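Here is what each chain is made of, one letter per residue.
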Amino acid sequence: MEIHFKTVISSKIKVYLIGSLAMATFTALAASDASNQQQFPNQYQSWQATSEQVEREDMLANYPASIILWAGSSFAKEYHSPRGHQFAVADVAHTLRTGVAPEPGEKGLSASCWTCKTPDAPRLIEELGFEGYSAKNFTDLGKEIQSVVYCSDCHESGNKKLALPRPHAQDAMAKIQLPFDKQDTNMQGAQVCGQCHVTYYFRPEKSNVVNIPWIFGSTADDIEKYYDTRRFFEWIHPISRTPILKARHPDFEHWSRSKHAEVGVTCITCHMPTQKDAKGVEFTSHKVDKALPHFDSTCSSCHSSKTKIEAKLAANKLTIETKAREVEGLLVKAHYEAKAAWDAGAKWEQMNAPIMGIRHGQWRWDFAMSSHGLYAHNPTEGKQLLDKAFEQASDARKQLAGILKQLNVTQVSYPDISTKQKAQQAIGIVEADLVKEKQKFIEEEINKNWHPVAKFGY
Ligand code: HEC
Ligand code: HEC
Ligand code: HEC
Ligand code: HEC
């Protein structure tokens, strides 16, 4: 009884504490925001102007095959290309991927999903402890989020010195021999982007703490070795029973091995060009945006012909896109061929090799696919990743063909995945139902109880 009583009291105190902390930080934030706006008007206004970057693409509609590859995970529900930083909090709040509040007693999605959207994440990590924060539910912490990709995500408070407020990013940079404190401003610039524009996973054994898996290094091979050694998987694929690995926007990783990185050209050079205000004062544009439109102010110092560079980029993009579509086609077939083998009574001893082939091929495809600027950042690595994925998926299919033959399976049926709707139907997702459920949550929770930043653009 006594223990029970204590728990009730302490959890009440905790709720009270979090509530009052939120009020205190809100006031402090508003004050420092006004000061940032006054002291650094050029940087502040250009930071706000990322709100102009409203366009985004529905990647599942563009590439319906990915719905099959991500079956069993929320990625098959909704997946868009990125847009301006001002939308980061609202987009993660509104996506079908983050769903609705969990039923009482259910754990739901980890608050770790907030980590790369807002400086409130490092603040909450400090207040609650890393595991305390990650163990919270995504929707429970929604009310706490009051700002979006902000000055304090990249700078020390109130000044221009660069900072890396996320502890897991500090650790990761040290693991690849680039400790943040020891780098020059140029590399630190890339590293502030690399807090969020990197691949990561949540550690299930540590309350879903977010981790950047660079123990052995940051290539697809290194990270795969780490995951394989730990027998880690994100989910078991419901069609083929493959223990799946998921990559997420490894922009920093690809860039770090590029020719541009070799000559000191960073994310900042290309995505945050130097501009002049009305009085002719130079400043770094904080409207982090597409790079190519700024060719004349950024690229032209090294590349003389815009037409040539555009042609080169277009050719790289076409090669990578073509290879990616081929690999997707093979992987979709492999998942269904594995299902046919299981259905006909295949055993793990037979299936181990092709299932690992699917796992490794899909990992490399994803490591390329989830990086939106790969064709510009490191086309050579992109082609290598997809060539290897092609080989691994083809080998898996050859092995599966052998197993199917042994089991006397002569026909495998593949679904129609010509559109997003058809591919979702094939794996039992009814988008309209998910939208309806989400809409209710948005109206009753987000619109009523969350900060306006979570509604931005909606
Ligand atoms: C996503 C990361 C990021 C965010 C968010 C960010 N900055 Fe910066 N900021 C940088 C980088 C990178 C530089 C360039 C550093 C260098 O090369 O010296 C910079 C430079 C600056 C400078 C130095 C002068 C200049 O223009 O180069 C000031 C002042 C500054 N930022 C203020 C702000 C303010 C105020 C905010 C919030 C409204 C903000 N920054 C948000 C990354 C960021
Ligand atoms: C705190 C995490 C965080 C940091 C730090 C960060 N980003 Fe982002 N960035 C995001 C998120 C999240 C999105 C997607 C937002 C959306 O689609 O709602 C994004 C989107 C982008 C886009 C797409 C813009 C568009 O309109 O298509 C570019 C380019 C980009 N970031 C580059 C950078 C660069 C360069 C840096 C470093 C100066 C940086 N980011 C720092 C989280 C971050
Ligand atoms: C040599 C210049 C260059 C460098 C260096 C560079 N990028 Fe890019 N990036 C591009 C180009 C070009 C594209 C393709 C679209 C565009 O921006 O025109 C792109 C695309 C992107 C996109 C996808 C935008 C979208 O809406 O699809 C993101 C995100 C991004 N870059 C982030 C980064 C980050 C983070 C870094 C550093 C780790 C970085 N970039 C380094 C030139 C560069
Ligand atoms: C400080 C110099 C510098 C700047 C600035 C620069 N680049 Fe480069 N770029 C290079 C170098 C060096 C190479 C490698 C040249 C080679 O291997 O032939 C390169 C190569 C490239 C390639 C060919 C890559 C490949 O392997 O196919 C493209 C495309 C490219 N740059 C685009 C851009 C764009 C777009 C910008 C501006 C947003 C930009 N670069 C800014 C130095 C620069």
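Residues numbered from 1 in each chain as written. Chains lettered and ligands numbered in written order. Predicted model: local features only at pLDDT ≥ 70, side-chain atom pairs only at ≥ 80, totals over all residues.

- An unreviewed UniProt entry annotates the chain as nitrite reductase (cytochrome; ammonia-forming) originating from Shewanella glacialipiscicola.
- For the record of the chain, the UniProt heading Subcellular location (unreviewed entry) holds the text "Cell envelope".
- According to the UniProt record, the Sequence similarities (unreviewed entry) comment for the chain is "Belongs to the cytochrome c-552 family." (UniProt positions renumbered as here; feature names shortened; annotations may be inferred.)

Section: the overall build of the chain
- Of regular secondary structure, the chain possesses 20 helices and six strands.
- Relative to the globule expectation of 23 Å for 458 residues, the C-alpha radius of gyration of the chain, 23 Å, shows essentially globular dimensions.
- The proportion of buried residues among the 458 residues of the chain is 39%.
- Taking contacts inside the chain between residues at least 6 apart in sequence as the whole, the part at least 24 apart equals 74%. (Helix = DSSP H or I, 4+ residues; strand = E, 2+ residues; numbered from the N terminus. Rg over C-alpha atoms; globule rule 2.2 N^0.38 Å. Buried ≥ 20, exposed ≤ 12 C-beta atoms within 10 Å, placed from the backbone. Contact = placed C-beta atoms within 7 Å.)

Here's the deal with the site of ligand 3
- As a structural note, the neighbourhood of ligand 3 is formed by 23 residues, with Cys267, Cys270, Leu292, Gly373 and Ala376 the closest of them.
- Those elements that place two or more of their residues in the shell around ligand 3 are helix H10 (185-194), helix H12 (251-256), helix H14 (267-271) and helix H17 (374-377).
- Per-element accounting of the shell around ligand 3 gives the leading share, four residues, to H14.
- Looking at the shell around ligand 3 residue by residue, the class counts come to 11 nonpolar, 10 polar and two charged. (Near = placed C-beta within 6 Å. Nonpolar A, V, L, I, M, F, W, Y, C, P; charged D, E, K, R; others polar.)

Here we look at the packing of helix H16 (residues 348-369) against helix H18 (residues 379-406)
- Two elements in contact, H16 and H18, have axes whose closest approach is 8 Å; the angle formed by their N-to-C orientations is 155 degrees. Taken together, H16 and H18 sit at an angle that is classed as roughly antiparallel. Here H16 runs over H18; the crossing is left-handed. Together, Gln350, Ala353, Pro354, Gly357, Ile358, His360, Gly361, Arg364, Trp365, Phe367 and Ala368 of H16 and Gly382, Leu385, Leu386, Lys388, Ala389, Gln392, Ala393, Asp395, Ala396, Gln399, Leu400 and Ile403 of H18 make up the contact between the two elements.
- Counted by class, the contact of H16 with H18 contains 13 nonpolar, seven polar and three charged residues. (Axes fitted to C-alpha atoms, helices over the stretch in contact; angles between N-to-C directions. Parallel < 35°, antiparallel > 145°, perpendicular 65-115°, else oblique. Left-handed = near helix turned anticlockwise from the far one by under 90°.)

Regarding the site of ligand 4
- In the vicinity of ligand 4 there are 19 residues, among which Lys259, Cys270, Ala291, Cys299 and Cys302 approach most closely.
- If you list the elements that add at least two residues to the shell around ligand 4, you get helix H13 (259-262), H14, helix H15 (306-343) and H18.
- At four residues, H15 tops the list of elements feeding residues into the shell around ligand 4.
- Taken together, the residues of the shell around ligand 4 sort by class into 10 nonpolar, seven polar and two charged.

Things to note about H18
- The terminal C-alpha atoms of H18, which comprises 28 residues, lie 41 Å apart, in line with the 40 Å expected from a rise of 1.5 Å per residue.
- Just downstream of H18 lies asparagine 408, where phi reads positive at about 60 degrees. (Expected span 1.5 Å × (residues − 1).)

Concerning the environment of threonine 242
- Mapped onto the secondary structure, threonine 242 falls in the loop between strand E3 (235-236) and strand E4 (243-244).
- Take threonine 242: there are 28 C-beta atoms within 10 Å of it, and that puts it in the buried class.
- Not counting residues up to four positions away in its chain, the partners in contact with threonine 242 are His237, Ile355, Ile358 and Arg359.

Here's the deal with the confidence of the model for the chain
- Here the chain averages 93 in pLDDT, while 94% of its residues score no lower than 70.
- Every residue in residues 1-19 is under pLDDT 50, and counting partners more than four places away or in other chains gives zero contacts. (pLDDT = per-residue confidence, 0-100.)

Comments concerning the environment of isoleucine 442
- Mapped onto the elements, isoleucine 442 comes out in helix H20 (residues 431-449).
- Residue class for isoleucine 442 comes out partly exposed when judged on the 18 C-beta atoms lying within 10 Å of it.
- Once the C-alpha coordinates of isoleucine 442 and lysine 388 are considered, the two residues, 54 residues apart in sequence, prove to be 42 Å apart.
- In this structure isoleucine 442 touches His94 and Asn447, once residues within four positions along its chain are discounted.

What about the environment of glutamate 337?
- Within the fold, glutamate 337 resides in helix H15.
- Accessibility expressed as a C-beta count within 10 Å gives 24 for glutamate 337, which makes it buried.
- Aside from chain neighbours lying at most four places away, what touches glutamate 337 is Arg397, Leu400, Leu404 and Val412.

Points about the packing of H15 against H18
- Relative to each other, H15 and H18 sit at 20 degrees, their axes nearing to 9 Å. When the axes of H15 and H18 are compared, the pair comes out roughly parallel. Note on packing geometry: the crossing formed by H15 with H18 is left-handed.

Some thoughts on unusual backbone geometry
- Positive phi, normally seen in glycine, also occurs at arginine 241, with a value near 65 degrees.
- With respect to the helices and strands, the residue arginine 241 is situated in the loop between E3 and E4.
- Even without being a glycine, asparagine 408 presents a positive backbone phi close to 60 degrees.
- Note that asparagine 408 resides in the loop between H18 and helix H19 (420-426).
- When the 7 C-beta atoms within 10 Å are taken as the criterion, asparagine 408 is described as exposed.

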